[in-house]
Structure formats: structure tokens, C-alpha cells
Amino acid sequence: MGQNNHTSLHGFILLGFSDHPKLEMVLSGVVTLFYFITWVGNTAIILASLLDSHLHTPMYFFLRNLSFLDLCFTTSIIPQMLINLWGPDKTISYVGCVTQLYVYMWLGSTECLLLAVMSYDRFTAICKPLHYLVIMNPHLCLKMIITVWSISLAVSVLLCTLTLNLPRCGNNLLDHFLCELPAMIKIACIDTTTVEMSVFALGIVIVLTPLGLILISYGYIAKAVLRIKSKEGQQKAINTCGSHLTVVSIFYGTIIYMYLQPGNSASKDQGKFLTLFYTIVTPSLNPLVYTLRNKDMKNALRKLVRVDRESTKSKRDQKS
């Protein structure tokens, strides 16, 4: 008990990439760049879809939620990571580590479920176009979002609480750049098989179940697209779903490789780089993926830039 209190008082040490000091310098610049891109890209999507009345549809409602989620996700990790990369101090307070653990798990689970909800939205739009706005009414969309965030919160509380209750016997060295579930389990000083099995079981539920629903949705979507006679109609349907499918492939591919592989088959550095990819690179790619393939979003962003320029010009004229 005294040893656990000692850990609580002094927090944890995030080893990160301290074995490679030169790599830390490069990573600090790369991470800062991607964080900037993430903020600019996702903020632009949120503002553009809010200000353009043409984008007040269920699809963009869910996209706004995804962008907001990505902003929160990266912000829960990157500031602390940059502090540790920039200086010799690799510590994080106990409260900071616990908060990061819960928030990281909550937001990661939310993204898994949100991508499944977005696939259902695309399924309804392509397979039931005449009833789309009736089925995907604002009340249902809001209800789905609340359910997604609530289920993810419950999963996060359950798994993180189980992990934090494991005795650590004074161990406070986390071989990672963030307070992540597997890293916390590794420093426990008892047999963690039960907790690992619980994490794996809930991982299957929270990762593979939504992925299964996504694949089923796209199976029906593919059939519906093949029945469309005009090439223009087919291309429009493919563009509509292509962005979401790209994001799903990147996110789920990395998550499954990281968390649903047997044992510790990935090396520790490989695991860190994979985590770096889906927590930092992927959120910065999402805005690019959705804007490059989406004419409506491109037009909304042009309007947003135009409004910003006119506002800046107006302020300059007033000053002069």
C-alpha cells in the first residue's frame, strides 16, 4: 500500500523514445507539424459545415463530431508528449496520467463506434435515398451520438479502473510516450491474465463489432451501387463513401494490428510508432481525405476562406 502511495505522489516516468535522443528532436518537430495540421484541418471542417447551410445534413453532422473528436484526441496526448520530448524531464503527475488514460480510452472507443454510425448513415443514403431524411432525422442523429459517447465512457471507466486497481509495487516506469492501457498493465507486479483477457474481450466488442457492422453496411452499399445504371450516379456514390472507407481502413487497420494480435508480437518501438501513427497522423489525414474527395466540402471551405478574407479586408479599411 505504501509503495502504491509512493507512486501516486511522484507520478510516472514516460520513457518514450529516450533511448534515441536524436530521434526525439526530429519527432518533436514532426509531432508539432502534424498537431498544427490537425487543428487547422479539423477546425476548418467544423466551421465550414456549420456556416454553410447546404452542409446541415446528417453526414456532415457526424463529420463535425469526428473532427471534434480528433481535436480532443490529439490534445489529450500531444502537449504532454511535446513537453517530454523537448526536455530531460519525462515525468507526468499521477492525476495527469490517470486523466490521460481515461480520456484516451474514452475517445479511442468513441471513434470506433462513431465510424460505425457513419457507415450506417452512408448505407441509408445509398440504399434508401427516398427515406433518408425521414430515417436519419435530427432526433435520431443526436440520440446515436449520445449513445456512442455514453457506451465508450462506460467501457473506458470499466477497463481503466480495472487496470489502475492492479498493484504496481512502486513501479512507475512506463515504456511509452503516453499513459496507455497495455503499458499500465505491464508494470503490475501480479499475474495480469484476467485483466488482459477482459481487455481483449471488450476490445473485440468495441473494435470488431463496429467493424463487422461497417463491412455489412458496405456489402449492401456495393450491391446498391452496382444497380445504379448511370456512371455519374455510381461515381457520386463511390465518392460519397470513399472518404469514409479510407478513414476506416487506416484507423481500424492500425488498431487491430496493435491491440488484437496474440501476445507481444510487436516490438516495443514498433508499438510506439504504430500508436504515434493512429493518434497523431490519422487525425491530421481525416480532413484531407474528406475534403479532397468531396466537392461540397471544397466549396464550403472556399466560402469560409472568402469570408475570412473579406472580414480581414474590412477591418483594414476601417483602421485606415
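Relevant structure appears above.
Conventions used here
Residues numbered from 1 in each chain as written. Predicted model: local features only at pLDDT ≥ 70, side-chain atom pairs only at ≥ 80, totals over all residues. Heavy atoms only, no water. Pairing = 2+ DSSP bridges. Helix = DSSP H or I, 4+ residues; strand = E, 2+ residues; numbered from the N terminus. Phe/Tyr/Trp six-rings, centres within 6.5 Å; stacked < 30°, edge-to-face > 60°. Buried < 20%, exposed > 50% of the residue type's maximum accessible area, 1.4 Å probe, protein only. Salt bridge = Lys/Arg side-chain N within 4 Å of Asp/Glu carboxyl O. Polar contact = N/O pair within 3.5 Å; in protein donor to acceptor, adjacent residues only side chain to side chain. Contact = heavy atoms within 4.5 Å. Patch = residues over 30% accessible without salt bridge, like charges linked within 9 Å, V, L, I, M, F, W, Y side chains within 5 Å. Areas by Shrake-Rupley, 256 points an atom, 1.4 Å probe, with all protein chains shown as cover. Lys, Arg positive; Asp, Glu negative; His and termini not counted. Charge placed at Lys NZ, Arg CZ, Asp CG, Glu CD. Disulfide = S-S within 2.5 Å.

A. Just the sheet that holds strand S3 (residues 173-174), in detail. Strand order in the open sheet formed by three strands is S2-S1-S3, with mixed pairing between adjacent strands. The open sheet is flanked by strand S2 (91-92) and S3, the only strands paired with a single partner.

B. Local environment of the packing of aromatic side chains. Applying the stated rule across the entire model yields eight aromatic pairs. Where phenylalanine 123 meets tyrosine 220, the ring centres are 5.8 Å apart and the plane angle is 65°; that geometry is what we call edge-to-face. Of the two residues, phenylalanine 123 sits in helix H5 (residues 94-127) while tyrosine 220 sits in helix H9 (residues 193-227), which places them 97 residues apart along the sequence. Residue classification places phenylalanine 123 among the buried positions, given a relative accessible area of 16%. Here tyrosine 220 falls in the partly exposed class, since its relative accessible area comes to 48%. Taken together, the aromatic side chains of Phe68, Trp106 and Trp149 make up a single cluster linked through ring pairs.

C. Focus on the pattern of salt bridges. For the structure shown, the criterion picks out two salt bridges. The salt bridge partner of lysine 90 is glutamate 24, with a shortest N-O separation of 2.8 Å. You can see lysine 90 sitting in the loop between helix H4 (78-86) and S2 and its partner glutamate 24 sitting in helix H2 (residues 21-51), a full 66 residues away along the chain. Among the residues examined, glutamate 24 registers a relative accessible area of 9% and is labelled buried.

D. Looking closely at the side chain of threonine 192. By secondary structure assignment, the location of threonine 192 is in the loop between helix H8 (181-186) and H9. Side chain to side chain, threonine 192 and glutamate 196 meet in a polar contact 2.8 Å long. Not counting residues within four places of it along the chain, the set of residues in contact with threonine 192 comprises Leu166 and Ile185.

E. Highlighting a positive patch on the surface. On the surface, Lys295, Lys298, Arg302 and Arg306 cluster together into a positively charged patch. With respect to the helices and strands, lysine 295 occurs in helix H12 (residues 295-319). On the basis of relative accessible area, lysine 295 is assigned to the exposed category, the value being 68%.

F. Expanded view of the state of the cysteines. Applying the stated rule across the entire model yields two disulfides. Each sulfur of the disulfide joining cysteine 97 and cysteine 179 lies 2.0 Å from the other. Taking the sign of the torsion about the S-S bond as the criterion, the disulfide between cysteine 97 and cysteine 179, at about -120°, is left-handed. Here cysteine 179 lies in the loop between S3 and H8 and cysteine 97 lies in helix H5, a separation of 82 residues in the sequence. With respect to burial, cysteine 97 and cysteine 179 carry one shared label: buried. One disulfide bridge connects cysteine 169 with cysteine 189, the sulfur atoms lying 1.9 Å from each other. Across the disulfide from cysteine 169 to cysteine 189, rotation about the S-S bond amounts to roughly 65°, and the bridge is consequently right-handed. A residue pair is termed long-range when its members are at least 10 positions apart, and cysteine 169 in the loop between helix H7 (138-164) and S3 and cysteine 189 in the loop between H8 and H9 qualify at 20 residues. Sequential numbering of the bridged cysteines in the protein gives the disulfide pattern 1-3, 2-4.

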